[in-house]
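Structure assessment
Residues per chain are reported as follows:
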Amino acid sequence: ALTDADPGLLLDRLADPSLPVGGQLLAAVYAAVAAVDPSRVEPPARIRVPDGPQSRLAHPDEVVVAPGPQWLQLGLPAVVPGPEALAHVLDVELAADVYAVAPVGGVETPVPDVVGFVLPRAPQRYVEHDDLVVAGRSVEWWVDDVGAVHAATADGLARGLAWAADRWGRRFVVAEVLRDPSVVNQLLAEQAFD
């Protein structure tokens, strides 16, 4: 099991350029590594980061640890998904400590009622933006430090609501319901086959 493995050895193996590592395995290794005391691990000279279906090696100076998928919208050079503890183990910055990301403006708006059928724990309100700018870039969605969802598009709203409700896997279903509320009954019937 990964939790029983030596964290230093895991990080050394991840730095092997010949090792093919997909995103799910990488996430599992980093979850195990994040749980160790940083003083037990020598920070790696190269850090494996997700890159499409596989991964690649990056220099620690370009790596940031981000707690959520919203950070991918900023086009950062190397993002490792994980908690603050992982940043300490890898001896890299947290994305939030490097980039100013407080969304400004927007209009508080009720979330369409139909969303509640497919995402019961969804927030009831979100902040609608014509142009949502975070860290100087236009993005489709963001969940701020207090958990408020900000969105500039319907797909962005679906992603933000799914992330805020801790149901990331439901983002596509929410997007479909937002595009066409009349499909909600069919989608709910299909859930019986999950």
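As the structure is a prediction and not an experimental result, all values here were calculated from the model.

What follows is about the sheet that holds strand 3 (residues 63-66). Strand pairs in the sheet, formed through backbone hydrogen bonds, run parallel or antiparallel to each other. Spatially, 4-3-5 is the arrangement adopted by the three strands of the open sheet, whose pairing is parallel. Edge positions in the open sheet fall to strand 4 (78-81) and strand 5 (93-94), since each of these has one partner strand only. Sheet topology places strand 3 next to strand 4; four bridges connect them, and they run parallel. Along strand 4, the bridge assignment pairs V65 with V80.

This part is about the packing of aromatic side chains. As enumerated under the stated definition, the model contains three aromatic pairs in all. Seen from their ring centres, W71 and W142 are 5.1 Å apart, and the 70° between their planes marks the pair as edge-to-face. Linking W71 in the loop between strand 3 and strand 4 with W142 in strand 10 (residues 141-143), this pair joins segments that are 71 residues apart in sequence. Residue classification places W71 among the buried residues on the basis of a relative accessible area of 4%. Note on W141 and W168: the rings are 5.7 Å apart at their centroids and 35° apart in plane angle, and the pair reads as tilted. Highlighted residues: W141 in strand 10 and W168 in the loop between helix 6 (154-164) and helix 7 (171-179), separated in sequence by 27 residues. W168 sits in the partly exposed class, given a relative accessible area of 24%.

As a further point, take the packing of helix 1 (residues 7-14) against helix 2 (residues 23-34). Following both chains from N to C, one finds helix 1 and helix 2 inclined at 150°, their axes separated by 10 Å at the closest point. Between helix 1 and helix 2, the angle is such that the two are roughly antiparallel. Our pair here, helix 1 against helix 2, has a crossing hand that is left-handed. Between helix 1 and helix 2, the residues in contact are P7, L10, L11 and L14 and L26, V29, Y30 and V33, respectively. In terms of residue class, the contact of helix 1 with helix 2 is built from eight nonpolar, no polar and no charged.

Calculation notes
- Residues numbered from 1 in each chain as written.
- Predicted model: local features only at pLDDT ≥ 70, side-chain atom pairs only at ≥ 80, totals over all residues.
- Heavy atoms only, no water.
- Pairing = 2+ DSSP bridges.
- Helix = DSSP H or I, 4+ residues; strand = E, 2+ residues; numbered from the N terminus.
- Phe/Tyr/Trp six-rings, centres within 6.5 Å; stacked < 30°, edge-to-face > 60°.
- Buried < 20%, exposed > 50% of the residue type's maximum accessible area, 1.4 Å probe, protein only.
- Axes fitted to C-alpha atoms, helices over the stretch in contact; angles between N-to-C directions.
- Parallel < 35°, antiparallel > 145°, perpendicular 65-115°, else oblique.
- Left-handed = near helix turned anticlockwise from the far one by under 90°.
- Contact = heavy atoms within 4.5 Å.
- Nonpolar A, V, L, I, M, F, W, Y, C, P; charged D, E, K, R; others polar.

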